[in-house]
Amino acid sequence: MIYGMYLSTMGALAQTQRHATISNNLANTNTNGFKPDWSLFKEVPVENEFHPERSMHWDRILMNTGGGVWNETTFTDFQPGPIDYTGNPFDVAIHDDPHSGMVGFFMLRPDVDGGEMYYSRDGHFVPDQNGVLRNMAGDLVLGPNGEAINVAAPGDTKPQVNEYGQIIANLPEGEGNLILGQIGMMSTADKDRMGKIGDTRLVAQGAVMEEYQEGIMGGYQEKSASNAIEEMTNRVEAGRVYEMNMRFVTIQDEQLG
């Protein structure tokens, strides 16, 4: 009977962790460029696999007794979110090639000397009072060589971003165009090694990053890939499974009493 209480408690703990992950996804359904996380559960090996030296050949039931499940890891789903037109010249979205297996990211860095490079799918950028392009958290948006980008343009020119990330100012008729800078991008096939650090920013935890300068859509914004209805359904399911496990704990406790 004690064994049953352990299994039920383990099941409740697993659903608690799952509920926390789902709640974070739900809270970010309106966060640009957000990628949802998923809890991966794994069955605890049976006693016979955990301790081969203790193989209970005399009791087939105890020999194969398992230990429930545990939350082995949490992984991020990098499927693209919906892309909406905003018309903002400094809103940019990444359109990945679905056949390449690569995921593209914008390059960011905090405005401090020696700051670590970050990566993000959130392409909502704004120039500061000096014309330096930043994200909403104040991080510098970087060019292909890791340099800051200044988009200050003369007169009433209206800058646009082309598919290669170049920021182009349309000069008066007959004067051509002026390239103000270029938004840097990197891509990786090792997306499972990208680690979240908050505010849709990620770091390359051993992921091999490659230069990537195609598929940028100026005037568009990638929305959250987290689906509110799906996440609410998952949260209700996790809550009910948790309640069921706790009910089993109560029943077994009453029987022991």
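Our subject is the structure that appears above.
How each quantity is defined
Residues numbered from 1 in each chain as written. Predicted model: local features only at pLDDT ≥ 70, side-chain atom pairs only at ≥ 80, totals over all residues. Heavy atoms only, no water. Core = buried A, V, L, I, M, F, W, Y, C linked by side-chain atoms within 4.5 Å. Buried < 20%, exposed > 50% of the residue type's maximum accessible area, 1.4 Å probe, protein only. Helix = DSSP H or I, 4+ residues; strand = E, 2+ residues; numbered from the N terminus. 1 Å grid on protein atoms, 1.4 Å probe; cavity = no way out; pocket = protein on both sides within 12 Å on 5 of 7 lines; lining within 4 Å. Points joined across faces, edges and corners; volume = space filled by probe spheres on them. Nonpolar A, V, L, I, M, F, W, Y, C, P; charged D, E, K, R; others polar. Phe/Tyr/Trp six-rings, centres within 6.5 Å; stacked < 30°, edge-to-face > 60°. Pairing = 2+ DSSP bridges. Axes fitted to C-alpha atoms, helices over the stretch in contact; angles between N-to-C directions. Salt bridge = Lys/Arg side-chain N within 4 Å of Asp/Glu carboxyl O. Contact = heavy atoms within 4.5 Å.

## Regarding the nonpolar core
If you look at soluble globular proteins, the nonpolar side chains tend to sit buried side by side.
And then number 1: Core analysis: the biggest nonpolar cluster contains 19 residues, and Phe125, Leu133, Ile167 and Ile183 have the highest contact counts within it.
And then number 2: For this core, the secondary structure elements donating two or more residues are strand 4 (92–94), strand 5 (103–109) and strand 11 (166–170).
And then number 3: Ranked by size, the runner-up nonpolar core spans 13 residues in total, among them Phe78, Tyr119, Val132 and Leu140.

## Some details on the layout of surface pockets
And then number 1: Of the pockets and cavities examined, the largest pocket occupies roughly 300 Å³.
And then number 2: Lining the largest pocket are 17 residues, with Phe78, Gln79, Pro80, Met102 and Val103 positioned closest to its centre.
And then number 3: Residues of the lining of the largest pocket, tallied by class, amount to seven nonpolar, four polar and six charged.

## Points about the packing of aromatic side chains
And then number 1: Inspection of the entire model under this criterion finds four aromatic pairs.
And then number 2: Both rings, one in Tyr85 and one in Tyr220, keep their centres 5.2 Å apart while their planes meet at 65°; by these two values the pair is edge-to-face. Note that Tyr85 is positioned in strand 3 (residues 83–85) and Tyr220 in strand 18 (residues 220–222), a separation of 135 residues in sequence.
And then number 3: Centroid distance Phe105 to Tyr119: 6.4 Å. Interplanar angle 65°. Geometry classified as edge-to-face. Note that Phe105 is positioned in strand 5 and Tyr119 in strand 6 (residues 118–120), a separation of 14 residues in sequence.
And then number 4: Exposure remark for Phe105: the relative accessible area of 0% places this residue in the buried category.
And then number 5: Grouped by ring-pair contacts, the aromatic residues Phe78, Phe105 and Tyr119 constitute a single cluster.

## Overview of the pairing of strand 11
And then number 1: As judged from the three bridges shared by strand 10 (residues 159–161) and strand 11, these two strands associate in the antiparallel manner. Paired with Pro159 across the strands is Ala169, a residue of strand 11.
And then number 2: Here strand 10 hands over to strand 11 after four residues, with Gly165 in that stretch at a positive phi of 85°.
And then number 3: Across five bridges, strand 11 lies against strand 12 (residues 177–182) in antiparallel orientation. Within strand 12, the residue paired with Ala169 across the bridge is Leu178.

## Digging into the sheet that holds strand 11
Through backbone hydrogen bonds, the strands of a sheet pair up, either in parallel or in antiparallel fashion.
And then number 1: An order of 10-11-12 is seen for the three strands of this open sheet, with the pairing classed as antiparallel. In this open sheet, the two strands that pair with only one neighbour each are strand 10 and strand 12. Direction aside, the axes of adjacent strands within the sheet are offset by 30° on average.

## Some details on the pattern of salt bridges
And then number 1: One pass over the structure, following the stated rule, counts nine salt bridges.
And then number 2: One salt bridge connects Glu222 with Arg121, and the closest N-O pair in it is separated by 3.1 Å. With Glu222 in strand 18 and Arg121 in the loop between strand 6 and strand 7 (125–127), the pair connects residues that are 101 residues apart, well separated along the chain.
And then number 3: Residue classification places Arg121 among the buried residues on the basis of a relative accessible area of 1%.

## Some thoughts on the side chain of Thr21
And then number 1: Along the polypeptide, Thr21 turns up in helix 1 (residues 2–27).
And then number 2: Apart from the residues lying within four places of it in its own chain, the contact partners of Thr21 are Asp37, Trp38, Ser39 and Thr74.

## Structural notes on empty space enclosed by the protein
And then number 1: In total, this model carries one cavity of 30 Å³ or more according to the counting rule given.
And then number 2: Of the volumes computed, that of the largest cavity is approximately 60 Å³.
And then number 3: Together, Gly33, Phe34, Lys35, Phe78, Phe105, Arg121, Lys196, Thr200, Arg201 and Leu202 line the largest cavity.
And then number 4: Of the residues belonging to the lining of the largest cavity, the class tally is four nonpolar, two polar and four charged.

Read these as spatial facts, not as claims about activity.
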